[in-house]
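One-letter residues, chain by chain:
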Amino acid sequence: MSTFSSGFGRFVPAAGPDPLYGLLADRAESEAARRRRNPPLPPGPTAPVLVLGAGRMGTWVSNILAPMGVSLVVLDRDVVEPHNLEAGSAPFGLADVGLPKALAVANNLKQFAPRAHVQAYQGDIVLMPEPELLALSQGVGVVLGLVDAGEALLRINEVFYRHLPIVYAAGHHGARTGDILISRPGGACFRCLLGIDTADSVQTLNGEITHGIDILKLSEYCARVTLALLRDQRLGQIGEVLDEGVNFIFLRNRVSPGNLGNFAPQFLRIDRRCNCPVCGAR
Ligand SMILES: [Zn+2]
C-alpha cells in the first residue's frame, strides 16, 4: 500500500485487530466454509475505483465492490458519529464511533472480505490541493462522487472532469426516486447534467428520513454502473452505459400513481452547455 500525506488530509494507517471481532471471526469462518461450497466469481482485471465520500451510499457501494476484488481508494472528511448508526444509515457498528469513516469502511471490509484491497484516507475534498486529490486517482478507472455537500460535488467536478469518468449517485425526496449521473471527459459535466452553477443549487438528503432499502437499491445500481464503465461484466452488462451519450439514469424505488410496478431505469442524454466554465467550448 502506498502512503500519502497532506497538510489537509492525512494518511490513515490500518488499525490492529480488535478483540471484539473474535465472535465475528467465527462467523466469518462459517461464511468462508459456505463460500468454499459456492465459489465466488473469479476476480476480473478491473481497475481500482476512487470512492469520494464514505456516507450511506459510499459505504454500501464499497461493500459491494470490494468483495468482488475491486481495489478501492476511499476518502472521507468525517469520523463516525452515533447518529450514523441509526436505521437507514451507513452500515457502521458501535465499535466504529470516533473512527474516521474511511478507516471504518476499510476495517469492516477486512472482517468479511479479508482479501479486499482498500486504502483509507481522511481529508476534505474542498480543502485538499488539486495535485493531492489527483494523486489519489493514479491508476484509477472510475471516480465515485458520493458526497452530499454541493461545494464538494462542484470541487470533484472541477478536479476530475477532464481526467476520468465520474459517477454521481443521489436519492431524491425520501429516496423514493434517485439518479445516477455519469460525467465523461468531453461530455456534459456535473454542472451541466443538473443544469446548475452554484453549490447552493444542489439539494441533499441531509437529515432526511429514508428507508435503508431504498439507499441500498440506489447503491447497488451505482455499483452496477461502475462495473459497466470498467467493462467488468460479472454482474451482467448495462448496454446503455456503454453508449457515451447516455449520462443521466433516473431510478424509481417505489410504486406511485405514475409508476405502477414499472421500475425500469430511464436512460437520458444531457448536452454540455456551451458557456460552462468546466466542460463548455472555450
Ligand atoms: Zn459543464
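Below is a summary of the structure that appears in this document. (Residues numbered from 1 in each chain as written. Predicted model: local features only at pLDDT ≥ 70, side-chain atom pairs only at ≥ 80, totals over all residues.)

**So, the pairing of strand E8 (residues 248-252)**
Of the two faces of E8, only one is covered, namely that formed by Ile249 and Leu251; the face formed by Phe248, Phe250 and Arg252 stays uncovered. Here 5 bridges tie strand E7 (residues 177-183) to E8, and the two strands are oriented antiparallel to one another. Paired with Leu181 across the two strands is Phe248, which belongs to E8. Looking at chain direction, E8 and strand E9 (residues 266-268) are connected through 3 bridges and run antiparallel. Among the inter-strand pairings, Ile249 is bridged to a residue of E9, identified as Phe267. (Buried ≥ 20, exposed ≤ 12 C-beta atoms within 10 Å, placed from the backbone. Helix = DSSP H or I, 4+ residues; strand = E, 2+ residues; numbered from the N terminus. Pairing = 2+ DSSP bridges.)

**Things to note about unusual backbone geometry**
Keep in mind that most residues, glycine aside, have a negative phi and that most peptide bonds are trans. At Arg231, a residue that is not glycine, the phi angle is positive and equals roughly 60°. Looking at the secondary structure, you find Arg231 in the loop between helix H7 (212-229) and helix H8 (239-242).

**Some remarks on the nonpolar core**
Side chains of nonpolar character tend, in soluble globular proteins, to be buried together. One finds Val51, Val74 and Val167 to be the most contacted residues of the largest nonpolar core, which totals 73 residues. Not counting residues within four places of it along the chain, the set of residues in contact with Val51 comprises Gly58, Val61, Ser62, Leu72, Val73, Val74, Leu144 and Leu146. (Core = buried A, V, L, I, M, F, W, Y, C linked by C-beta atoms within 7 Å. Contact = placed C-beta atoms within 7 Å.)

**Quick word on helix H5 (residues 150-160)**
Buried residues dominate H5, accounting for 8 of its 11 residues. What H5 keeps buried is the set Ala152, Leu153, Leu154, Arg155, Ile156, Asn157, Val159 and Phe160. Next to the buried residues of H5 lie strand E2 (49-52), helix H4 (130-136), strand E5 (142-145), strand E6 (166-171) and helix H6 (190-194).

**So, the environment of Cys279**
Relative to the elements of secondary structure, Cys279 occurs in the segment after E9. Under the C-beta neighbour-count criterion, Cys279 is labelled buried, with 23 such atoms within 10 Å. Cys279 sits 87 residues away from Cys192 along the chain, and the two C-alpha atoms are 8.2 Å apart. Not counting residues within four places of it along the chain, the set of residues in contact with Cys279 comprises Tyr161, Ala188, Cys189, Cys192 and Arg272.

**Considering the pairing of E6**
A large share of E6 lies buried, amounting to 6 of its 6 residues. As defined by bridge partners, E5 adjoins E6 across 3 bridges and the pair is classed as parallel. Each bridged residue has a counterpart across the sheet, and for Leu144 the counterpart in E6 is Val167.

**Some points on the environment of Val126**
Looking at where Val126 falls in the secondary structure, it is placed in the loop between strand E4 (118-122) and H4. A tally of 16 C-beta atoms within 10 Å means that Val126 is categorised as partly exposed. Other than its neighbours up to four places away in sequence, Val126 contacts Glu151, Ala152 and Arg155.

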